[in-house]
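So the chains spell out like this:
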Amino acid sequence: MSDCRRMEAICSFAILLCAFVATGVHGNSLAVLQAPEFVSFQKGDWPISGEKIPDLVALTMGFSIREDLSWPGLRAGPLFQRPRANVLVVVRGVDSLDLPQSLASYPLENSVPFTLDSVAETVHTLFAEDTPVVLQLAPSEERLYMLGKANAVFEDLPVTLQQIRARLSQEGSVLDSLPTKSLSRNAEADLLFLSEVQVLHDITALLQRHRHLAKDHSPDLYSLELSGLEELSRVYGKDSAQYRDATDMLITVLQKFGEDVYSLYGNGAVVEVVTVRNFEAPLTRKSRSILESKQISNPGSPYNLAYKYNFQYAVIFNIVLWLMIVLALAVIATAYNLWNMDPGYDSIIYRMTNQKIRMD
């Protein structure tokens with residue numbers, strides 16, 4: 001009897017261990033809040049790797065990627081239609097959020113840190129003349145990258161924690177419209193979370209002020225990283241009232257944020273939410289100033305760096321090359337015909353000249 005009980009205990013422990021491992025692997029998630037009709041996300045439990053999120057964003061915007069994404073969650077859309085914007089919100093400190101109005105949700109595995117720098121570079125390269133809006137922001141780390149018209153649109157956006165906290169004390173802040181419940185206005189962790197909520201509110205307010213940007217031909221890109229819940233979980237714990245109230249508030253704010261952005265872009269924006277308990281490796285990245293201007297090349301670099309490659313170089317090179325070849329052949333053919341021309345037979349000018357000579 002003791003051996004049977006021991007075997008039952010071992011089996012139970014093994015089952016619980018497998019369930020814990022499965023929860024740890026598939027606890028993080030990717031949710032699609034909004035998407036236009038021509039961007040088709042299929043409902044299912046197909047896991048996607050964290051390192052493939054930039055490729056997924058690029059495909060939803062109609063861009064090509066280096067390696068094929070063998071993931072059945074996204075179907076191929078029409079060739080001549082692309083979303084007007086893509087908004088990716090990364091929420092750290094929670095496995096998943098109960099977003100009732102989401103279109104689809106997928107497990108996220110291999111939750112390594114990722115950025116949308118490659119997608120931003122593609123947008124800037126293909127639509128350099130239209131100056132699209134590119135915004136990448138992480139308020140907790142005061143990490144900011146703005147490109148194109150974002151420098152003008154979000155010029156008044158508070159980006160440092162000091163600026164955001166000052167914004168919370170002003171009129172029209174989220175503290176006047178959202179119930180804080182157990183969250184305190186004096187605690188550092190609570191203020192960090194409320195500051196991130198304030199940033200979401202200010203982004204939609206500034207976009208409403210510049211509605212004309214949503215009607216241009218260049219797609220816009222937004223990448224936001226929120227770590228307020230992670231800090232609340234570290235300070236108060238996951239079972240605390242502060243953490244539960246903050247989670248409920250964030251769900252409400254994200255739903256409204258997705259709806260506002262989707263309507264501002266004429267039902268042509270894709271809004272995704274990635275929830276990650278914690279990344280497997282720390283993300284190291286250099287912060288950039290709001291006044292920094294993007295340069296295609298840096299000839300004055302002390303490191304003697306080469307010019308950045310432009311994807312239109314091959315097209316321009318072929319146009320110039322074959323045009324010069326055609327012009328050279330045309331000059332050679334014209335010169336050959338003029339050299340072998342018979343003045344008395346081919347040219348009316350020389351023929352009249354000869355007649356005048358004979359009359360004299």
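Scoring rules and cut-offs
Residues numbered from 1 in each chain as written. Predicted model: local features only at pLDDT ≥ 70, side-chain atom pairs only at ≥ 80, totals over all residues. Heavy atoms only, no water. Core = buried A, V, L, I, M, F, W, Y, C linked by side-chain atoms within 4.5 Å. Buried < 20%, exposed > 50% of the residue type's maximum accessible area, 1.4 Å probe, protein only. Contact = heavy atoms within 4.5 Å. Helix = DSSP H or I, 4+ residues; strand = E, 2+ residues; numbered from the N terminus. Pairing = 2+ DSSP bridges. Lys, Arg positive; Asp, Glu negative; His and termini not counted. Salt bridge = Lys/Arg side-chain N within 4 Å of Asp/Glu carboxyl O. Polar contact = N/O pair within 3.5 Å; in protein donor to acceptor, adjacent residues only side chain to side chain. Axes fitted to C-alpha atoms, helices over the stretch in contact; angles between N-to-C directions. pLDDT = per-residue confidence, 0-100. Parallel < 35°, antiparallel > 145°, perpendicular 65-115°, else oblique. Nonpolar A, V, L, I, M, F, W, Y, C, P; charged D, E, K, R; others polar. Phe/Tyr/Trp six-rings, centres within 6.5 Å; stacked < 30°, edge-to-face > 60°.

**Student:** It is not clear to me how the nonpolar core should be interpreted in this structure. Could you clarify?
**Tutor:** Looking at soluble globular proteins, one finds that nonpolar side chains tend to be buried together. If you look at the biggest cluster of nonpolar residues, it comprises 55 residues, and the most contacted ones within it are Val-91, Phe-154 and Phe-193. The residues contacting Val-91, other than those within four sequence positions of it, are Leu-97, Leu-226, Leu-229, Leu-250, Leu-254, Val-273, Val-274, Thr-275 and Val-276. Judged by nonpolar contacts, the second largest core, of 34 residues, contains Leu-88, Ala-104, Leu-221 and Phe-279.

**Student:** Honestly, the environment of Tyr-262 in this entry has me stumped. Any pointers?
**Tutor:** Counting through the fold element by element, Tyr-262 comes out in helix 8 (residues 241-264). Tyr-262 sits in the buried class, given a relative accessible area of 16%. Leaving out residues up to four positions away in the same chain, Tyr-262 has contacts with Gln-34, Ala-35, Pro-36, Asn-267, Gly-268 and Ala-269.

**Student:** Explanation requested: the pairing of strand 6 (residues 143-148) in the structure shown.
**Tutor:** A regular strand carries its side chains on alternate faces of the sheet. Where burial is concerned, most of strand 6 is hidden: five out of the six residues are buried. Between the end of strand 5 (residues 133-138) and the start of strand 6, which pair antiparallel, lie four residues, with Glu-142 showing a positive phi angle near 55°.

**Student:** Would you mind showing me how to read the side chain of Asp-190 here?
**Tutor:** Mapped onto the fold, Asp-190 is located in helix 6 (residues 188-209). Buried and unpaired, Asp-190 has no salt bridge, with Arg-185 as the nearest side chain of opposite charge at 9.8 Å. A polar side-chain atom of Asp-190 sits 2.9 Å from a polar atom in the side chain of Tyr-236. Apart from residues no more than four positions distant in its own chain, Asp-190 is found in contact with Ser-182, Leu-183, Ser-184, Leu-232, Tyr-236 and Gln-242.

**Student:** What's the story with the sheet that holds strand 3 (residues 85-92) in this structure? I'm lost.
**Tutor:** The strands making up a sheet associate through backbone hydrogen bonding, with each pair oriented either parallel or antiparallel. Read across the sheet, eight strands follow the order 2-4-1-8-3-7-5-6 without closing on themselves; strand pairing throughout is mixed. Of all the strands in the sheet, the pair left with one neighbour each is strand 2 (48-49) and strand 6. Relative to strand 4 (residues 104-109), strand 2 is paired through two bridges, and the arrangement is parallel. Paired with Ile-48 across the strands is Leu-108, a residue of strand 4. Sheet strands in contact with helix 8 are strand 1 (29-34), strand 3, strand 7 (220-226) and strand 8 (269-276), and its direction is about 170° off that of strand 3.

**Student:** Would you take a moment to explain the environment of Phe-80 for this structure?
**Tutor:** The residue Phe-80 is located in the loop between helix 2 (53-60) and strand 3 in this model. A C-alpha to C-alpha distance of 8.7 Å links Phe-80 and Gly-62, two positions 18 residues apart in sequence.

**Student:** Can you walk me through the confidence of the model for the protein chain in this structure?
**Tutor:** Note: predicted coordinates in regions of low pLDDT should not be interpreted at a detailed level. Of all residues in the protein chain, 79% attain a pLDDT of 70 or more, and the chain-wide mean is 80. The least confident element of the protein chain is helix 1 (residues 2-26), whose mean pLDDT is 46; the most confident is strand 3, at 94. Low confidence marks residues 13-26, where pLDDT is under 50. Its contacts with residues over four positions away, or in another chain, come to seven contacts.

**Student:** Just checking my understanding: could you explain the pattern of salt bridges for this structure?
**Tutor:** Should their charged atoms come close, side chains of opposite charge can pair. A full pass over the atoms with the stated rule returns twelve salt bridges. The salt bridge involving Arg-143 is made with Glu-225; its shortest N-O contact spans 2.9 Å. One end of the pair, Arg-143, is in strand 6; the other, Glu-225, is in strand 7, and 82 residues separate them in sequence. Here the two residues Arg-143 and Glu-225 agree in accessibility, since each one is buried. One continuous salt-bridge network, built from bridges that share partners, spans Arg-92, Glu-141, Arg-143, Glu-225 and Glu-230.

**Student:** Looking at this structure, I do not really get the packing of helix 5 (residues 161-168) against helix 6. What am I missing?
**Tutor:** In a pair of packed helices, the angle between the axes and the distance between the axes together describe the arrangement. Contact geometry of helix 5 with helix 6 gives a least axis separation of 9 Å together with a crossing angle of 80°. Here helix 5 is positioned roughly perpendicular relative to helix 6, judged by the angle of their axes. Every residue of helix 6 that contacts helix 5 at Leu-161, Ile-164, Arg-165, Arg-167 and Leu-168 is listed here: Glu-188, Leu-191, Leu-192, Leu-194, Ser-195, Gln-198, Val-199 and Asp-202. A per-class count over the contact of helix 5 with helix 6 returns seven nonpolar, two polar and four charged.

**Student:** Can you walk me through the packing of aromatic side chains in this structure?
**Tutor:** The full count for this structure, using the stated rule, is three aromatic pairs. Seen in terms of ring centroids, Trp-71 and Tyr-106 are 4.7 Å apart; in terms of plane orientation they differ by 75°. Their pairing is edge-to-face. Placement of the pair is Trp-71 in the loop between helix 2 and strand 3 and Tyr-106 in strand 4, with a sequence separation of 35 residues. Tyr-106 carries the same exposure label as Trp-71, and that label is buried. Put simply, the rings of Phe-154, Tyr-222 and Tyr-265 pair up and form one aromatic cluster.

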